[in-house]
Amino acid sequence: MNQLLSLPAKIELRHVTHLYVTTSRAFMAVRDINLRVEEGEFICLVGPSGCGKTTLLSLIAGLEKPTAGKILIEGRPVEGTSRQVGYMLQQDFLFNWRTIEENIFLGLDIQGIRNRETEAYALHLLEEMELADVRKAYPSQLSGGMRQRVALVRTLACQPDILLLDEPFSALDYQTKLKLEDLIFSALRRHKKTAVLVTHDLSESIAMGDRVYILARNPGRISSEVVVPAAIREALPFDARNHPGFHELFHQVWKEMEVVSDAAK
Ligand SMILES: Nc1ncnc2c1ncn2[C@@H]1O[C@H](COP(=O)(O)OP(=O)(O)OP(=O)(O)O)[C@@H](O)[C@H]1O
């Protein structure tokens, strides 16, 4: 038997269904989702608006409890939030009255892990993200791309194994977004993180992911999976876009998206 299959996955969703219940209605956001993400893998979720991408991240993060099914991290059921899972959003949520360094240390304070060692690690990450020069600056003095890098450092400083990324580049201009994709991709590989990225940008999903899941909606479900070939997967996202096989893959994902978008009309 394949040794990998006998080990618990880093993240596993088994027959996960989730309903949002309000006083007036119960809405099925996702139905019967099965997903396995191995340690160190980078997977992407794409699909039309409302297909349940963010819901899946909230469930993995332990912010929501699934109505049915199981979510396991390293074989253990998710019961609420944990430091093992970091969550990064489109908005950076930096406090404007605190310096960059203080914003990052605040993350350590909240997790109750601030000490000389974790502070030194956070400062090392700031250097890696080319932010050492601005550690005493305030968020308002930084560009959008720099602020997102700070948000990533704040998340990584708490040393999660798993990173959940919800459209972290979507508010940035195109050039900044491409640069940041490379920087974040390299950092996650270097630190051997497992990542799940939600994006509306199909080319980003192929350039960054090992696998791309296309979701359909009403209810949210996995429609198809596209495995990115090693040659594209191993290249930096910017270079991956120039790979000869990239466009074919893009068309494949595009067509799958058309199928799920048409079905939702
Ligand atoms: N807290 C909530 N209460 C009720 N319904 C919700 C709640 N959160 C999400 N939904 C509904 O669940 C469905 C899935 O939402 P979700 O945000 O997960 O989709 P998404 O694929 O991330 O969408 P988008 O691409 O627009 O961000 C949507 O129809 C949404 O309106």
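Procedures and definitions
Residues numbered from 1 in each chain as written. Predicted model: local features only at pLDDT ≥ 70, side-chain atom pairs only at ≥ 80, totals over all residues. Pairing = 2+ DSSP bridges. Helix = DSSP H or I, 4+ residues; strand = E, 2+ residues; numbered from the N terminus. UniProt positions renumbered as here; feature names shortened; annotations may be inferred. Near = placed C-beta within 6 Å. Nonpolar A, V, L, I, M, F, W, Y, C, P; charged D, E, K, R; others polar. Domains from an automatic or database assignment. Contact = placed C-beta atoms within 7 Å. Axes fitted to C-alpha atoms, helices over the stretch in contact; angles between N-to-C directions. Left-handed = near helix turned anticlockwise from the far one by under 90°. pLDDT = per-residue confidence, 0-100.

### Here we look at the sheet that holds strand E4 (residues 68-73)
In a beta sheet, neighbouring strands pair by backbone hydrogen bonds and run either parallel or antiparallel.
Part 1 of the argument: Sheet architecture is open: four strands sit in the order E2-E1-E4-E5, paired in antiparallel fashion. Looking at the sheet topology across the chains shown, the edges are occupied by strand E2 (26-37) and strand E5 (76-77).
Part 2 of the argument: Bridge count between E4 and E5: two bridges; the pairing is antiparallel. In the sheet register, Leu72 faces E5, and the bridge partner there is Pro77.

### Some points on the UniProt feature "domain: ABC transporter" (unreviewed entry) in the protein
Part 1 of the argument: Following the UniProt record, the feature "domain: ABC transporter" (unreviewed entry) maps to residues 11-242 here.
Part 2 of the argument: Split by type, residues 11-242 is 34% helix and 28% strand. Its first and last C-alpha atoms lie 31 Å apart.

### Some words on the site of the ligand
Part 1 of the argument: Surrounding the ligand, one finds 13 residues, the nearest of these being Tyr20, Ala29, Ser49, Thr54 and Thr55.
Part 2 of the argument: Elements with a contribution of two residues or more to the shell around the ligand: E2 and helix H2 (53-61).
Part 3 of the argument: Residue classes in the shell around the ligand are distributed as four nonpolar, eight polar and one charged.

### A word on the domain arrangement of the protein
How large an interface is tends to be reported as the accessible area lost when its parts come together.
Part 1 of the argument: Assigned domains within the protein: domain 1 (3-84 + 162-170 + 179-263) and domain 2 (90-159).
Part 2 of the argument: Inter-centroid distance (C-alpha atoms) of domain 1 to domain 2 is 26 Å.
Part 3 of the argument: Each side of the interface is counted separately: domain 1 has 12 residues, and domain 2 has 11 residues.
Part 4 of the argument: Secondary-structure elements contributing two or more residues to the side of domain 1 that touches domain 2 are strand E7 (162-166) and helix H6 (174-190).
Part 5 of the argument: It is H6 that contributes the most residues to the side of domain 1 that touches domain 2, five residues altogether.

### Considering the packing of helix H4 (residues 116-128) against helix H5 (residues 144-157)
Part 1 of the argument: Across the interface, H4 lies against H5 with an axial gap of 9 Å and an inter-helix angle of 150°. Two packed elements cross with a definite hand, and for H4 against H5 that hand is right-handed. Contact residues: H4 offers Thr118, Tyr121, Ala122, Leu125 and Leu126, while H5 offers Val153, Leu156 and Ala157.
Part 2 of the argument: Broken down by class, the residue content of the contact of H4 with H5 amounts to seven nonpolar, one polar and no charged.

### So, the environment of Phe105
Part 1 of the argument: The residue Phe105 is located in helix H3 (residues 100-111) in this model.
Part 2 of the argument: In this structure Phe105 touches Arg114, Glu119 and Ala122, once residues within four positions along its chain are discounted.

### Let's talk about the confidence of the model for the protein
A low pLDDT means the predicted coordinates there should not be read in detail.
Part 1 of the argument: Per-residue pLDDT for the protein has a mean of 92; in total, 97% of the residues score no lower than 70.
Part 2 of the argument: Across the interfaces of the predicted complex, the ipTM metric reaches 0.97, alongside a pTM of 0.92.

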